[in-house]
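# Descriptive structure summary
Below, each chain spelled out in residue letters.
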Amino acid sequence: TGRSDTLLKMKPWDDAEATVIGHQPGKGKHAGTLGALRVRMDDGREFSLGTGFTDQQRRAPPPVGATVTYRYHGLTRNGMPRFASFLRVRVE
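This structure is a prediction, so every number in the text was calculated from the model and none was measured.

## Let's talk about the nonpolar core
Residues Leu 37, Val 39, Phe 47, Leu 49, Val 68 and Tyr 70 are the most contacted members of the largest nonpolar core, which totals 16 residues. Setting aside residues no more than four positions away along its own chain, Leu 49 makes contact with Ala 36, Leu 37, Val 68, Tyr 70, Ala 84, Ser 85 and Phe 86.

Rendered as C-alpha coordinates:
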(Lines give C-alpha, C1' and ligand atoms only; values in the text may rest on other atoms or scores of the structure.)
Protein backbone atom coordinates (compact mmCIF):
# COMPACT_ATOMS: atom_id res chain seq x y z
CA THR A 1 0.00 0.00 0.00
CA GLY A 2 1.03 3.62 -0.35
CA ARG A 3 2.89 5.39 -3.11
CA SER A 4 5.56 3.89 -5.33
CA ASP A 5 8.40 5.60 -7.20
CA THR A 6 8.54 2.74 -9.71
CA LEU A 7 4.92 2.55 -10.85
CA LEU A 8 3.30 5.09 -13.16
CA LYS A 9 -0.41 5.66 -13.60
CA MET A 10 -1.54 5.66 -17.23
CA LYS A 11 -4.48 7.76 -18.36
CA PRO A 12 -5.08 7.03 -22.04
CA TRP A 13 -6.81 9.78 -24.01
CA ASP A 14 -8.05 10.31 -27.53
CA ASP A 15 -8.21 13.48 -29.57
CA ALA A 16 -10.62 14.75 -32.19
CA GLU A 17 -11.57 17.93 -34.01
CA ALA A 18 -14.69 20.08 -33.98
CA THR A 19 -15.86 23.37 -35.48
CA VAL A 20 -16.45 26.41 -33.26
CA ILE A 21 -20.08 27.57 -33.53
CA GLY A 22 -20.19 30.04 -30.63
CA HIS A 23 -18.64 31.54 -27.51
CA GLN A 24 -20.07 31.39 -23.99
CA PRO A 25 -19.14 34.14 -21.52
CA GLY A 26 -17.07 33.37 -18.46
CA LYS A 27 -18.23 33.61 -14.86
CA GLY A 28 -16.36 34.31 -11.64
CA LYS A 29 -12.61 34.30 -12.29
CA HIS A 30 -13.21 34.34 -16.05
CA ALA A 31 -15.83 37.11 -16.09
CA GLY A 32 -15.33 39.32 -19.14
CA THR A 33 -13.45 36.63 -21.07
CA LEU A 34 -14.25 33.30 -22.71
CA GLY A 35 -16.02 30.80 -20.49
CA ALA A 36 -16.43 28.00 -23.05
CA LEU A 37 -16.49 27.31 -26.76
CA ARG A 38 -19.64 25.82 -28.23
CA VAL A 39 -18.44 23.29 -30.82
CA ARG A 40 -20.00 20.91 -33.36
CA MET A 41 -18.50 17.53 -34.21
CA ASP A 42 -18.51 16.21 -37.78
CA ASP A 43 -21.61 14.09 -37.09
CA GLY A 44 -23.59 17.18 -36.00
CA ARG A 45 -23.56 16.69 -32.23
CA GLU A 46 -22.77 19.82 -30.20
CA PHE A 47 -21.17 20.35 -26.81
CA SER A 48 -19.33 22.99 -24.77
CA LEU A 49 -15.56 22.95 -24.41
CA GLY A 50 -14.63 24.98 -21.33
CA THR A 51 -11.25 23.82 -20.04
CA GLY A 52 -7.68 23.76 -21.33
CA PHE A 53 -7.42 27.44 -22.32
CA THR A 54 -4.65 29.82 -21.31
CA ASP A 55 -5.58 33.30 -20.09
CA GLN A 56 -4.38 34.72 -23.42
CA GLN A 57 -6.62 32.30 -25.36
CA ARG A 58 -9.57 33.28 -23.17
CA ARG A 59 -8.99 36.97 -24.02
CA ALA A 60 -8.71 36.23 -27.78
CA PRO A 61 -10.64 32.98 -28.39
CA PRO A 62 -10.70 31.07 -31.68
CA PRO A 63 -13.21 32.66 -34.09
CA VAL A 64 -16.51 31.07 -35.03
CA GLY A 65 -15.84 28.69 -37.92
CA ALA A 66 -12.35 27.73 -36.73
CA THR A 67 -11.47 24.06 -36.31
CA VAL A 68 -10.14 23.13 -32.87
CA THR A 69 -8.54 19.95 -31.56
CA TYR A 70 -9.64 18.65 -28.18
CA ARG A 71 -8.74 15.63 -26.11
CA TYR A 72 -11.06 13.42 -24.11
CA HIS A 73 -11.15 10.25 -22.01
CA GLY A 74 -13.65 7.96 -23.72
CA LEU A 75 -17.30 8.56 -24.58
CA THR A 76 -20.45 8.80 -22.48
CA ARG A 77 -23.42 6.47 -23.04
CA ASN A 78 -24.80 9.13 -25.41
CA GLY A 79 -21.59 9.14 -27.46
CA MET A 80 -20.39 12.54 -26.22
CA PRO A 81 -16.70 13.09 -25.34
CA ARG A 82 -16.04 12.57 -21.61
CA PHE A 83 -13.88 15.22 -19.86
CA ALA A 84 -13.15 17.11 -23.10
CA SER A 85 -10.31 19.64 -22.90
CA PHE A 86 -9.13 22.20 -25.49
CA LEU A 87 -5.77 21.33 -27.05
CA ARG A 88 -5.11 23.73 -29.96
CA VAL A 89 -6.53 25.53 -33.00
CA ARG A 90 -5.90 23.68 -36.23
CA VAL A 91 -3.81 25.76 -38.62
CA GLU A 92 -4.45 25.04 -42.28
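## Structural notes on the sheet that holds strand β2 (residues 34-40)
Sheet strands associate in pairs through backbone hydrogen bonding, adopting either a parallel or an antiparallel arrangement. Spatially, the five strands line up as an open sheet ordered β3-β2-β1-β4-β5, and their pairing is antiparallel. Edge strands, defined here as strands with exactly one partner in the open sheet, are β3 (46-49) and β5 (85-89). On average, each strand axis in the sheet is inclined to that of its neighbour by 45°, with strand direction left out of account. Across four bridges, the pairing between β2 and β3 is antiparallel. If you follow Arg 38 over to β3, its bridge partner there is Ser 48.

## A look at unusual backbone geometry
One non-glycine residue with positive phi stands out, namely Phe 83, at about 55°. Within the secondary structure layout, Phe 83 lies in the loop between β4 (67-72) and β5.

## Description of the pattern of salt bridges
Inspection of every chain in the model, using the stated rule, returns four salt bridges. Among the salt bridges present, the one from Asp 43 reaches Arg 45, with a minimum N-O distance of 2.5 Å.

## A short note on the pairing of β2
A large share of β2 lies buried, amounting to five of its seven residues. Sheet analysis places strand β1 (residues 14-25) next to β2, joined by six bridges and oriented antiparallel. Looking at the pairing, Gly 22 lines up with Arg 38 of β2. Remark: five residues form the turn of the hairpin made by β2 and β3, two consecutive strands paired antiparallel; Gly 44 in that turn has positive phi of roughly 100°.

## Some thoughts on the packing of aromatic side chains
The description of two aromatic rings rests on the distance between their centres and on the angle between their planes. Summed over the entire model, instances satisfying the criterion amount to three aromatic pairs. When the centroid spacing of 4.5 Å and the interplanar angle of 25° are considered together, the rings of Phe 53 and Phe 86 count as stacked. Residue Phe 53 is located in the loop between β3 and α1 (55-59), and its partner Phe 86 is located in strand β5; the two are separated by 33 residues in the primary sequence. Classification of Phe 53 as buried rests on a relative accessible area of 10%. Residue Phe 86 is classed as buried on the basis of its relative accessible area of 4%. Among the aromatic residues, those joined into a cluster by ring pairs are Phe 47, Tyr 70 and Tyr 72.

## Some remarks on the pairing of β1
Two strands pair when backbone bridges link them, and β1 and β4 are joined in this way by six bridges, in the antiparallel orientation. Bridge pairing in β4 places Asp 15 opposite Arg 71.

Reading the values: rules and limits
Residues numbered from 1 in each chain as written. Predicted model: local features only at pLDDT ≥ 70, side-chain atom pairs only at ≥ 80, totals over all residues. Heavy atoms only, no water. Core = buried A, V, L, I, M, F, W, Y, C linked by side-chain atoms within 4.5 Å. Buried < 20%, exposed > 50% of the residue type's maximum accessible area, 1.4 Å probe, protein only. Contact = heavy atoms within 4.5 Å. Pairing = 2+ DSSP bridges. Helix = DSSP H or I, 4+ residues; strand = E, 2+ residues; numbered from the N terminus. Axes fitted to C-alpha atoms, helices over the stretch in contact; angles between N-to-C directions. Salt bridge = Lys/Arg side-chain N within 4 Å of Asp/Glu carboxyl O. Phe/Tyr/Trp six-rings, centres within 6.5 Å; stacked < 30°, edge-to-face > 60°.

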